[in-house]
Amino acid sequence: MSLVFACVDIPPEPWVKALKKELPNLEIEVWPNIKNPDEVEFALLWGDWSADLTRFSNLQAFLSLGAGVDHILALDHRPVHIPIVRLGDPFLQTGMIEYVIFNVLRFHRNFQTYEKQQSEKHWIEQPQVSPSKRSVGLMGLGSLGTACAKALVNLGFDVSGWSRRAKKIDKVKVFSGEHGLNQFLSQSEIIICLLPLTSKTKKILNEENLKKLPPGSFVINAARGGHVVENDLLKLLNNGHIGGAALDVFETEPLPKENLLWTHPKVTVTPHVAALVNLESAAKAISETIYCSRNGLPLQNVVDPIEGY
Ligand code: NDP
Ligand code: OXD
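Anyway, here's the lowdown on the structure attached to this text. (Residues numbered from 1 in each chain as written. Chains lettered and ligands numbered in written order. Predicted model: local features only at pLDDT ≥ 70, side-chain atom pairs only at ≥ 80, totals over all residues. Heavy atoms only, no water.)

Details of the site of ligand 2
- Ligand 2 sits among W46, G66, A67, G68, R224 and H272.
- One of the backbone N or O atoms of A67 is found 2.7 Å from an oxygen atom in ligand 2.
- Contact distances for ligand 2 include 2.6 Å between an oxygen atom and a side-chain N or O atom of H272.
- For ligand 2, the accessible surface in isolation is 210 Å², of which the surrounding protein chains cover 86%.
- Looking at the shell around ligand 2 residue by residue, the class counts come to 2 nonpolar, 3 polar and 1 charged. (Near = heavy atom within 4 Å. Polar contact = N/O pair within 3.5 Å; in protein donor to acceptor, adjacent residues only side chain to side chain. Areas by Shrake-Rupley, 256 points an atom, 1.4 Å probe, with all protein chains shown as cover. Nonpolar A, V, L, I, M, F, W, Y, C, P; charged D, E, K, R; others polar.)

Take a look at the structure:
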């Protein structure tokens, strides 16, 4: 029985080595060189991969090499009874907290303005607002959103969050459901998107919703490019309603050279690196899932295929 490694644009060798270290007896095949499709129990997937899934008659689980599973849910003719397991690696939280705090502080302390001033050799003091007077809103309060919300609370920010179901997080104002969205948006000066990409969250940051933010607000998207309608965002950046954006993910990745976001003075672009997957801890998490599956133990981080996350 084996695992097939099918992660687009990711060199397989280090992963094969790291997984073998955890599970020495695991047979690993690297896509597309599959000797025995009938032997494949686990498919470890990332990126825009496609295959005739009927070849894998003994598949036990789809494993994502990331926290997101939109790439797996999008597979043609995916057998719906086979569980999808997202990567539940605490290391992802560390990276995401760093990315979010860095960008929130950059907007909060006017570094976008200071960078412009430096390019023009202008010595102008900008006002300093107390973090308790700066409202920061997390769209998505799952494993990453909650970790970031707590880190922002610790820095003294006025933190709120929006999730599907109501929940309690100390010192965080939680809004939920579709009715909570308007209220959440209307009071968030910096929003951070950490939602999964599902049929309900796709294009959620469109002109209509972005206009609900207070004038001059900032947008941070570290979730998926499909959450933001890029042309709508550009329009609102250009008319000043949105004061700046930090974007880690895009409708098309890599971001095409001609995309206006690359050179927009109010946009910072990073190449989908907010929280990089760590080889060692991810290999441990994946191996644990394989161990549980093989031993009839309950799987953690299984995705609800109806909700899409
Ligand atoms: P989780 O599944 O743990 O959390 C998802 C959150 O979104 C939950 O709070 C959930 O609500 C909320 N949510 C889902 N659907 C809706 C909806 N329709 N309305 C309101 N809230 C909704 O995900 P993670 O925190 O682990 O990850 C979030 C995303 O971050 C990933 O899906 C991935 O796309 C992205 N990511 C990006 C990385 C990068 O490097 N740029 C790295 C890792 C992840 P509830 O709590 O009620 O269920
Ligand atoms: C993920 C990602 O989903 O890297 O883990 O985007």
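That was the structure; now back to the text.
Considerations on the site of ligand 1
- Around ligand 1, a shell composed of 29 residues is seen, among which L141, L144, R165, K167 and Y309 lie nearest.
- In this structure, L141 approaches ligand 1 through a main-chain N or O atom, which is 2.8 Å from an oxygen atom.
- Interatomic distance of 3.0 Å between a backbone N/O atom of R164 and a nitrogen atom of ligand 1.
- Against a free-state accessible area of 940 Å², the protein chains account for coverage of 93% of ligand 1.
- Of all the elements in the fold, those that place two or more residues in the shell around ligand 1 are α5 (143–154) and β7 (158–163).
- Classifying every residue of the shell around ligand 1 gives 14 nonpolar, 8 polar and 7 charged. (Helix = DSSP H or I, 4+ residues; strand = E, 2+ residues; numbered from the N terminus.)

Some details on the environment of V228
- Take V228: it is sitting in the loop between β10 (217–221) and α8 (230–238).
- Exposure remark for V228: the relative accessible area of 5% places this residue in the buried category. (Buried < 20%, exposed > 50% of the residue type's maximum accessible area, 1.4 Å probe, protein only.)

Quick look at the nonpolar core
- In terms of nonpolar packing, the biggest core is built from 49 residues, with L3 and L152 touching the most fellow members.
- Looking at this core element by element, the count peaks at 7 residues for helix α3 (residues 91–108).
- Residues within four places of L3 in sequence aside, it is in contact with L19, L26, E27, I28, E29, F42, L44, L63 and I290.
- Core analysis: the second largest hydrophobic core is formed by 27 residues, L205, L213, A223 and L247 among them. (Core = buried A, V, L, I, M, F, W, Y, C linked by side-chain atoms within 4.5 Å. Contact = heavy atoms within 4.5 Å.)

Topic: the sheet that holds strand β2 (residues 27–30)
- With respect to topology, 5 strands assemble into an open sheet ordered β2-β1-β3-β4-β5, the strand pairing being parallel. Two strands in the sheet have a free side with no partner beyond their single neighbour: β2 and β5 (84–85).
- Of the strand pairs in this sheet, strand β1 (residues 2–7) and strand β3 (residues 40–46) are connected by 6 bridges, and their pairing is parallel. Of the residues in β3, the one forming a bridge with C7 is W46.
- The strands touched by helix α9 (residues 279–294) are β1, β3, β4 (61–64) and β5; relative to β3, the strand with the most contacts, the crossing angle is about 155°. (Pairing = 2+ DSSP bridges. Axes fitted to C-alpha atoms, helices over the stretch in contact; angles between N-to-C directions.)

Section: the environment of I101
- Tracing the sequence through the fold places I101 in helix α3.
- Here the alpha-carbon distance between I101 and P214, two residues 113 residues apart in the chain, equals 21 Å.
- Apart from residues no more than four positions distant in its own chain, I101 is found in contact with A151, L152 and L155.

Topic: α3
- Taking 1.5 Å of rise per residue, 18 residues should cover 26 Å, and α3 covers 26 Å from first to last C-alpha, within 8% of that figure.
- Phi turns positive, to about 65°, at N110, one or two residues after α3. (Expected span 1.5 Å × (residues − 1).)

Observations regarding the sheet that holds β7
- Within the open sheet, the 7 strands sit side by side as β8-β7-β6-β9-β10-β11-β12. Their pairing is parallel. Of all strands in the sheet, those with a lone pairing partner are β8 (172–176) and β12 (267–269), marking the two edges. Neighbour-to-neighbour, the strand axes of the sheet open up by a mean angle of 15°, direction not taken into account.
- Against the sheet, α5 contacts β6 (135–139), β7, β8 and β9 (190–193), and its axis sits at roughly 170° relative to β6.

Looking at the packing of aromatic side chains
- Evaluated as defined, the whole model comprises 4 aromatic pairs.
- Relative to Y114, the ring of F111 lies with its centre 6.0 Å away and its plane at 75°, an arrangement referred to as edge-to-face. Residue F111 and its partner Y114 are located together in helix α4 (residues 111–119), separated by 3 residues, close to a single helical turn.
- Residue class for Y114 comes out partly exposed when judged on its relative accessible area of 28%. (Phe/Tyr/Trp six-rings, centres within 6.5 Å; stacked < 30°, edge-to-face > 60°.)

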